[in-house]
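If you want the building blocks of each chain, they are given just below.
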Amino acid sequence: MSQQASRSTDVTLGDPEESLLAVRDLDAGYGDLQVLDGVDMDVGAEEYVVVVGPNGAGKSTVMKSVFGLTTHMGGSVTFDGRDISQRRPDQIIHEGIGYVPQSDNVFGKLTVRENLEMGAYILDEVPEEQIDAVYDRFPILEERATQKAGTLSGGQQQMLAMGRALMLDPDLLLLDEPSAGLAPDLVEEMFDRIDGINDDGTAVMMVEQNAKEALRRCDRGYVLVQGQNRYQDTGETLLADEDVRQEFLGG
């Protein structure tokens with residue numbers, strides 16, 4: 001079991017007063033199509049939270065709703081005590097939230113360095129210390145700094161997308177299916193890098209298809225089914241739950 005999964009947290013499950021991010025009774029979707037129905041979720045400061053569930057459950061919609069990319073139909077999203085339910089993505093970035101979508105998450109015609117600079121576009125100057133911090137975390141990006149992002153491997157592009165999201169040193173990093181499309185031998189490395197980001201103090205909320213591995217590493221897990229909460233508990237408790245294992249984790 002990973003150190004992440006066994007680490008204790010000061011955040012009480014479901015207690016909005018102790019949460020960095022609190023999603024309450026959220027209804028959301030796209031246009032007139034409602035996808036989420038009364039969803040509740042919490043992420044504590046420096047916590048590692050994973051959202052799993054079957055295809056079409058609304059997992060990615062939760063991420064997009066937190067980041068202001070869906071139609072808000074009801075409920076609330078609160079970050080660090082401030083209601084961000086009706087805010088645009090460009091406003092939410094200022095609050096301290098970074099978001100890495102599942103696909104099309106790099107500027108393919110720009111270099112690696114230019115992609116990272118784009119991550120700090122709201123600042124007057126690009127902070128070189130943040131560039132260096134990203135290179136320290138992902139050394140391959142420094143080696144490929146002048147290479148066009150579109151020519152990188154899938155794993156390298158995912159690192160670049162995360163690195164760009166970290167340029168503003170967010171308090172919360174949203175990751176949508178970070179292992180999607182990666183070769184099996186790269187998946188564990190990607191999870192290790194996400195562990196490292198969390199270990200350094202950034203809260204992580206992640207949607208992930210590799211549910212068993214994600215739950216082994218996280219502090220808290222949520223299982224979504226048809227846009228609604230089905231289960232929530234610590235990752236290790238969900239892994240040990242026979243119903244969860246049989247219904248959603250393949251036994």
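Residues numbered from 1 in each chain as written. Predicted model: local features only at pLDDT ≥ 70, side-chain atom pairs only at ≥ 80, totals over all residues. Heavy atoms only, no water.

**Section: the overall build of the protein chain**
- The helix and strand inventory of the protein chain stands at eleven helices and ten strands.
- Over its C-alpha atoms the protein chain spans a radius of gyration of 17 Å, differing by no more than 12% from the 18 Å that the globule rule assigns to 251 residues.
- With respect to the three principal axes, the spread of C-alpha positions in the protein chain is 50 × 40 × 35 Å.
- Burial analysis of the protein chain (251 residues in total) assigns 49% to the buried set. (Helix = DSSP H or I, 4+ residues; strand = E, 2+ residues; numbered from the N terminus. Rg over C-alpha atoms; globule rule 2.2 N^0.38 Å. Buried < 20%, exposed > 50% of the residue type's maximum accessible area, 1.4 Å probe, protein only.)

**Concerning a negative patch on the surface**
- Together, Glu129, Asp132, Asp136, Glu142 and Glu143 make up a region of like negative charge exposed at the surface.
- Of all the secondary structure elements, the ones that give two or more residues to the negative patch are α5 (128–137) and α6 (139–143).
- Sort the elements by how many residues they give to the negative patch and α5 lands first, with three residues.
- As for its position among the elements, Asp136 is in helix α5.
- Classification of Asp136 by relative accessible area gives exposed; the value is 62%. (Patch = residues over 30% accessible without salt bridge, like charges linked within 9 Å, V, L, I, M, F, W, Y side chains within 5 Å. Areas by Shrake-Rupley, 256 points an atom, 1.4 Å probe, with all protein chains shown as cover. Salt bridge = Lys/Arg side-chain N within 4 Å of Asp/Glu carboxyl O. Lys, Arg positive; Asp, Glu negative; His and termini not counted. Charge placed at Lys NZ, Arg CZ, Asp CG, Glu CD.)

**Describing the pairing of strand β2 (residues 33–43)**
- Where strand β1 (residues 21–30) meets β2, seven bridges bridge the pair, whose relative direction is antiparallel. Bridged to Ala22 within β2 is Asp42.
- Connecting β1 to the next strand, β2, in antiparallel fashion are two residues, including Gly31 with a positive phi near 65 degrees. (Pairing = 2+ DSSP bridges.)

**Digging into the sheet that holds strand β10 (residues 228–234)**
- A sheet is described by the order of its strands in space; here six strands give the open sequence β6-β7-β8-β3-β9-β10, paired in mixed fashion. One side of each edge strand has no neighbouring strand; the edge strands of this open sheet are β6 (97–100) and β10. Between one strand and the next, the sheet's axes are offset by a mean angle of 15 degrees, whatever the strand orientation.
- Strand direction decides the pairing type here: strand β7 (residues 172–176) and strand β8 (residues 203–207), joined by five bridges, are parallel. Looking at the pairing, Leu174 lines up with Met205 of β8.
- The strands touched by helix α2 (residues 59–66) are β3 (48–52), β6, β7, β8 and β9 (220–225); relative to β8, the strand with the most contacts, the crossing angle is about 140 degrees.
- Contacting β3, β7 and β8, helix α8 (residues 184–199) runs over the sheet at an angle of about 150 degrees to β8. (Axes fitted to C-alpha atoms, helices over the stretch in contact; angles between N-to-C directions. Contact = heavy atoms within 4.5 Å.)

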